[in-house]
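Spelled out, the chains give:
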Amino acid sequence: MLDLTYETPKPKVIAGAKHDWELVIGMEIHAQVSSNAKLFSGASTAVGAEPNSNVSFVDCAMPGMLPVINEYCVEQAVRTGLGLKAQIHLRSAFDRKNYFYPDLPQGYQISQLYHPIVGEGEVLVEMAPGVARLVRIERIHLEQDAGKSIHDMDPAMSFVDFNRTGVALMEIVSRPDIRGPEEAAAYVVKLRQILRYLGTCDGDMQHGNLRADVNVSVCRVGQYEKYQETQDFSHLGTRCEIKNMNSMRFIQAAIDYEARRQIAIVEDGGQVVQETRLYDPDKGETRSMRSKEEAHDYRYFPCPDLLPLEIEQAWVDDIAARMPELPDAKKARFMGDFGLTDYDANVLTADLESAAFFEAVAQGRDGKTAANWVINELFGRLNKEGHGIGDSPVSAAQLGGMLDLLSKGEITGKMAKELFEILWTEGGDPAEVAAARGMKAVTDTGAIEAALDALIAGNPAQVEKAKVNAKLAGWFTGQVLKATGGKADPAVVNAMVAAKLGL
Amino acid sequence: MSIDVETARRVAKLARIQVDEHDLPALAGELSNILGFMEQLNEVDVTGVEPMTSVTPMRLKRRADVVTDGNIQELVLKNAPDAREGFFAVPKVVE
């Protein structure tokens, strides 16, 4: 492993009419646990089913039904905790969070307020090479998701689907260590990356499988340091919570808007009211969810239907022993083993599929060349055509085979690009395709030399010019490449021209 | 701790229980009695005693991550006052 020592990024400062202000942000990420069945019932978690078909009597809260916990969901929460270097609580317990809403048939959500399964951990959020924020995780608890209401199918009615009701969620709560909109987005990106590496949440934000509540407050410069020293929140401003965002862009826009709104209030002599707000992407503003205010009295109490959840250290150790390589470690390894730059290593470890593809290409080959081809040629082309790495027309083996031809000098860089194009559109074995299409670099230096000697002999005037101005030697290279039908390696020709002309 | 009429009204609203205005004082009194009894229990010194969650030494029952239930849309919707196209239909709720 490389030695990872990071500088702390500067907090975002917003200039108000009177003062400079800093932002203080804490996040609650709701991540849907990847599992087959729900947290407390045997109904499926699959999406896209008929409404109310992935629903058991437990999920729709029929009288007398009792929850039975899905052990795999517990394992996933433990795995997530370990991935965030967090304490695992061998004893946790479930509580009822009571509120009324049509998509919550029980009238309460089973959650873990008092004794969460995972305690304090951390996430390292890189903002630039060598610059990173260490965001502390306060806790992770398991809870049930609610159902889905559809409001636009009928003018007077809302339609409710309980398919999602009871699906397991992990609520991952950070400390207020995030200091700007970009950091907030980077935090979500990093957390999502870790969860996907762990296989504990698919991170699909579009379908709401990962969504964020963001707590935002503003404070004068210097106040945050006082908070960090004392952990006393009174040094910070009053916070507002922006609920339920599922896009990095909206998260940033909402934080920026909310911070400016609060600054305007405080500079105007007013006071920020602690409340829940909703971001409206169409208007680009946050507004108060007044209806949530009274409902906020959740009257939590221990869930009488569930005994405390006790797990064994040996089981936790077993999960720990089966942990995959995580993004930070993989990135460090790619930089160390393959000599990649920070940037390239970030791009290639962004998700597991890309990382595995690159590793297959780079294994036993030059890492930097492999990275260039995977990032610039392959990813560039995939993006352009809207493909993911999973459905790349060119496999890692094909790209690797092509790179072997290139590194052995059997094809030139130009030919490699042509070959890549053919592999992309028509497929095939790189060596066979190259042979069939007559793609063969002239490696016979004798032939190159002969062509060059003939040129020198036939163009004494050009020789004289090139000796005066070395740039003009390029003419010889061009002519030789022409004479060999573009099959000679320009680098080889260049070197030979320079040697022959004594440049 | 005693529950006043205002608190009783709020708790009833949160629980979506409709209580007539003239029943509130009696309800508040009953709730106060319950809390009073709890306060009496609070007088017992339980320092160092772990809260008891079960009278028998039981381990929380677990299930495997296997789909064993669902696909009973008709039964799930059977008692709904109104259901359309597989959905529960409820009076409009929009934030």
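Quick caveat: nothing in here was measured; it's all calculated off a predicted structure.

Peer 1: I would appreciate a short explanation of the overall build of chain B in the present structure.
Peer 2: Of regular secondary structure, chain B possesses three helices and three strands. Secondary structure elements of chain B occur, N-terminal to C-terminal, as α-α-β-α-β-β. At 22 Å, chain B has a C-alpha radius of gyration far larger than the 12 Å of a compact globule built from 95 residues. Projecting the C-alpha coordinates of chain B onto the three principal axes gives extents of approximately 55 × 45 × 25 Å. As presented, chain B carries roughly 7,400 Å² of accessible surface, and 57% of it is formed by carbon and sulfur atoms. Of the charged side chains in chain B, 11 are positive and 16 negative, and the gap between their average positions amounts to 10 Å.

Peer 1: Any chance you could explain the overall build of chain A here in plain terms?
Peer 2: Counting secondary structure elements, chain A contains 17 helices and 17 strands. Taking 503 residues into account, the globule formula puts the C-alpha radius of gyration at 23 Å, and chain A, at 30 Å, lies well above it. Expressed as lengths along the three principal axes of its C-alpha atoms, the size of chain A is roughly 95 × 55 × 55 Å. Long-range pairs, those at least 24 residues apart, make up 70% of the contacts in chain A between residues at least 6 apart in sequence. Of the roughly 22,300 Å² of accessible surface on chain A, a fraction of 52% belongs to carbon and sulfur atoms. With 52 positive and 71 negative side-chain charges, chain A shows a spacing of 5 Å between the two charge centroids.

Peer 1: Would you take a moment to explain the sheet that holds strand S6 (residues 108-111) of chain A for this structure?
Peer 2: Within a sheet, each strand pairs with its neighbour through backbone hydrogen bonds, oriented either parallel or antiparallel. Residue and element names in this part refer to chain A. Overall, antiparallel pairing links the three strands, which are arranged S6-S5-S16 in an open sheet. Each edge of the sheet is formed by a strand with only one pairing partner; in this case those strands are S6 and strand S16 (301-302). Where strand S5 (residues 95-98) lies against S6, four bridges are found, and the strand directions are antiparallel. By the bridge assignment for S6, Lys97 is matched with Gln109.

Peer 1: What is the right way to read helix H14 (residues 445-458) of chain A from this model?
Peer 2: Think of an α-helix as turning once every 3.6 residues; residues three or four places apart then point the same way. Residues and elements named next belong to chain A. For H14, spanning 14 residues, the distance from its first C-alpha to its last is 20 Å, which sits close to the expected 20 Å at 1.5 Å a residue. For H14, every residue scored as buried is listed here: Ile448, Ala451, Leu452 and Leu455. All buried residues of H14 fall inside an arc of 95° around its axis, so they share one side. Away from its buried face, by an angle of more than 90 degrees, H14 presents the exposed residues Ala454 and Ala457.

Peer 1: I tried to follow the side chain of Glu75 of chain A on my own but got confused; where do I start?
Peer 2: Position of Glu75 of chain A relative to the elements: it lies in helix H1 (residues 71-83). Setting aside chain neighbours within four positions, we find Glu75 of chain A in contact with Trp315, Ile319 and Arg322 of chain A.

Peer 1: I would appreciate a short explanation of the interface of chain A and chain B in the present structure.
Peer 2: Often the size quoted for an interface is simply the accessible area lost on bringing the parts together. Each partner contributes to the interface: chain A provides 52 residues, whereas chain B provides 40 residues. Here chain A packs against chain B, burying approximately 4,300 Å² in sum over the two surfaces, 58% of which is carbon and sulfur. The tally of links between chain A and chain B comes to four salt bridges. With its nearest N and O atoms 2.2 Å apart, the salt bridge here joins Asp297 of chain A to Arg10 of chain B. On inspection of chain A and its partner chain B, the count reaches 19 residue pairs in polar contact (both at pLDDT 80 or more). The set of elements that each furnish at least two residues to the side of chain A that touches chain B consists of strand S3 (69-70), H1, strand S10 (157-161), helix H5 (290-295) and strand S17 (309-310) of chain A. The element contributing the most residues to the side of chain A that touches chain B is S10 of chain A, with five residues. A breakdown of the residues in the side of chain A that touches chain B according to their chemical character gives 30 nonpolar, twelve polar and ten charged. Relative to strand S3 (residues 87-91) of chain B, S10 of chain A is paired through four bridges, and the arrangement is antiparallel. The partner of Val160 of chain A across the bridge, within S3 of chain B, is Phe88 of chain B.

Peer 1: Is there a simple way to think about the packing of aromatic side chains in this case?
Peer 2: We describe a pair of aromatic rings using the distance from one ring centre to the other and the angle between the two ring planes. This structure, assessed with the given rule, holds 14 aromatic pairs over all chains. A centroid spacing of 4.8 Å and a plane angle of 40° characterise the contact between Phe162 of chain A and Phe88 of chain B, whose relative ring orientation is tilted. Here Phe162 of chain A, found in the loop between S10 and strand S11 (168-174), pairs with Phe88 of chain B, found in strand S3, and the two come from separate chains. Across the pair, Phe88 of chain B and Phe162 of chain A agree in class, each one buried. Both rings, one in Phe334 of chain A and one in Phe338 of chain A, keep their centres 5.6 Å apart while their planes meet at 75°; by these two values the pair is edge-to-face. Separated by four residues within a single helix, Phe334 of chain A and Phe338 of chain A lie in helix H7 (residues 327-338), roughly one turn from each other. Neither residue differs from the other here; Phe334 of chain A and Phe338 of chain A are each classed as buried. Lying over the aromatic face of Tyr298 of chain A, Lys97 of chain A brings its terminal NZ or CZ to 4.3 Å of the ring centre.

Peer 1: Teacher, can you tell me more about the confidence of the model for chain B here?
Peer 2: Close reading of the predicted structure is inappropriate where its pLDDT is low. All names here are of chain B. Per-chain confidence: chain B averages 91 in pLDDT, with 98% of residues scoring 70 or above. Within chain B, helix H1 (residues 5-14) has the poorest average pLDDT of any element, 91, and strand S1 (residues 62-63) the best, 98. Taken together, the chains of this predicted complex give a pTM of 0.88 and an interface ipTM of 0.88.

Peer 1: Is there a simple way to explain the nonpolar core in this structure?
Peer 2: One broad trend across soluble globular proteins is that nonpolar side chains are buried collectively. Residue and element names in this part refer to chain A. Met27, Ile172, Tyr187, Phe358 and Met402 are the most contacted members of the largest nonpolar core, which totals 103 residues. The element contributing the most residues to this core is helix H2 (residues 181-198), with nine residues. Both domains that meet at this core, namely domain 1 (5-317) and domain 2 (324-436), each give it at least three residues. Leaving out residues up to four positions away in the same chain, Phe358 has contacts with Phe334, Phe338, Leu340, Leu348, Gly367, Ala370, Ala371 and Val374.

Peer 1: Whenever I open this one, unusual backbone geometry confuses me. Can you help?
Peer 2: Across residues other than glycine, the phi torsion is negative in most instances, and most of the peptide bonds are trans. Look at Lys85 of chain A: it is not a glycine, yet its phi comes out positive at around 50°. Inspection of the secondary structure assignment puts Lys85 of chain A in the loop between H1 and strand S4 (91-92). Positive phi is not limited to glycine here, since Asn71 of chain B has a value of about 55°. Looking at where Asn71 of chain B falls in the secondary structure, it is placed in the loop between S1 and helix H3 (73-77). Asn71 of chain B gets classed as exposed once you look at its relative accessible area, which sits at 64%.

Peer 1: Where do I start with the packing of H1 of chain A against H2 of chain A in this structure?
Peer 2: Packed helices, taken two at a time, are described by their axes: the angle between them and the distance between them. Residues and elements named next belong to chain A. At their nearest, the axes of H1 and H2 sit 10 Å apart, and the two run at 125° to each other. Relative to H2, H1 is oriented oblique. Read as a crossing pair, H1 and H2 show a hand that is right-handed. Two secondary-structure elements touch here, H1 through Arg79, Thr80 and Gly83 and H2 through Ile194, Leu195 and Leu198. Here the contact of H1 with H2 is composed, by residue class, of three nonpolar, two polar and one charged.

Reading the values: the criteria
- All residue numbers refer to positions counted from 1 along the written sequence of the respective chain.
- By the order in which they are written, chains take letters starting at A while ligands take numbers starting at 1.
- In view of the model being predicted, local features appear only for residues whose pLDDT reaches at least 70, and side-chain atom pairs are presented and counted only at 80 or more, with totals across whole chains, interfaces and linings using the full set of residues.
- To obtain the side-chain values, all non-hydrogen atoms of the structure were used and water was disregarded.
- Helix and strand assignments follow DSSP, with helices taken as H or I runs no shorter than four residues and strands as E runs no shorter than two, numbered in order from the N terminus.
- Between the two quantities, the radius of gyration covers C-alpha atoms and the globule rule is 2.2 Å times the number of residues to the power 0.38.
- All accessible-area figures derive from a Shrake-Rupley calculation using a 1.4 Å probe, and residue coverage is judged against the displayed protein chains alone.
- Here the positive residues are Lys and Arg and the negative ones are Asp and Glu; neither His nor the chain ends is included.
- Where a charge sits is defined by one atom per residue type, namely NZ (Lys), CZ (Arg), CG (Asp) or CD (Glu).
- Contact definition: two residues touch when any of their heavy atoms are within 4.5 Å.
- Pairing between two strands requires that DSSP report at least two bridges joining them.
- Between the first and last residue of a helix there are one fewer steps than residues, each counted as 1.5 Å, and that sum is the expected span.
- For the exposure calls, accessible area comes from a 1.4 Å probe over protein chains only, and a residue counts as buried if that area is under 20% of its type's maximum, exposed if over 50%, partly exposed in between.
- This arc is built from the directions going out from the helix axis to the C-beta atoms.
- Buried area: the accessible surface (1.4 Å probe) lost by two parts on joining, summed over both.
- Whenever Lys or Arg places a side-chain nitrogen within 4 Å of a carboxyl oxygen from Asp or Glu, that contact is recorded as a salt bridge.
- For the purposes of these results, a polar contact is taken to be a pair of N or O atoms within 3.5 Å, where, inside protein, one atom must be able to donate a hydrogen and its partner to accept one; residues adjacent in sequence count only when each atom of the pair is a side-chain atom.
- Three classes are used: nonpolar for Ala, Val, Leu, Ile, Met, Phe, Trp, Tyr, Cys and Pro, charged for Asp, Glu, Lys and Arg, and polar for all others, with Gly counted as polar.
- Ring pairs are drawn from Phe, Tyr and Trp, using the six-membered ring of Trp, whenever the two centres fall within 6.5 Å, and their geometry is named by plane angle: stacked under 30 degrees, edge-to-face over 60, tilted for the rest.
- A ring is considered to have a charge above it if a Lys NZ or an Arg CZ atom is located within 6 Å of its centre and within 35 degrees of its normal.
- A residue's pLDDT is the predictor's confidence in that residue, given on a scale from 0 to 100.
- Here, nonpolar core refers to any group of buried Ala, Val, Leu, Ile, Met, Phe, Trp, Tyr and Cys residues whose side-chain atoms link them within 4.5 Å.
- Residue ranges assigned to each domain were obtained from an automatic or database domain assignment.
- Angles run from 0 to 180 degrees between N-to-C directions of axes, and those axes are lines fitted to C-alpha atoms, restricted for helices to the stretch in contact.
- Comment on the angle field: the value is read as roughly parallel under 35 degrees, roughly antiparallel over 145, roughly perpendicular from 65 to 115, and oblique elsewhere.
- Whether a crossing is left-handed or right-handed is set by the direction in which the near helix is turned from the far one by less than a right angle, anticlockwise for left-handed and clockwise for right-handed.

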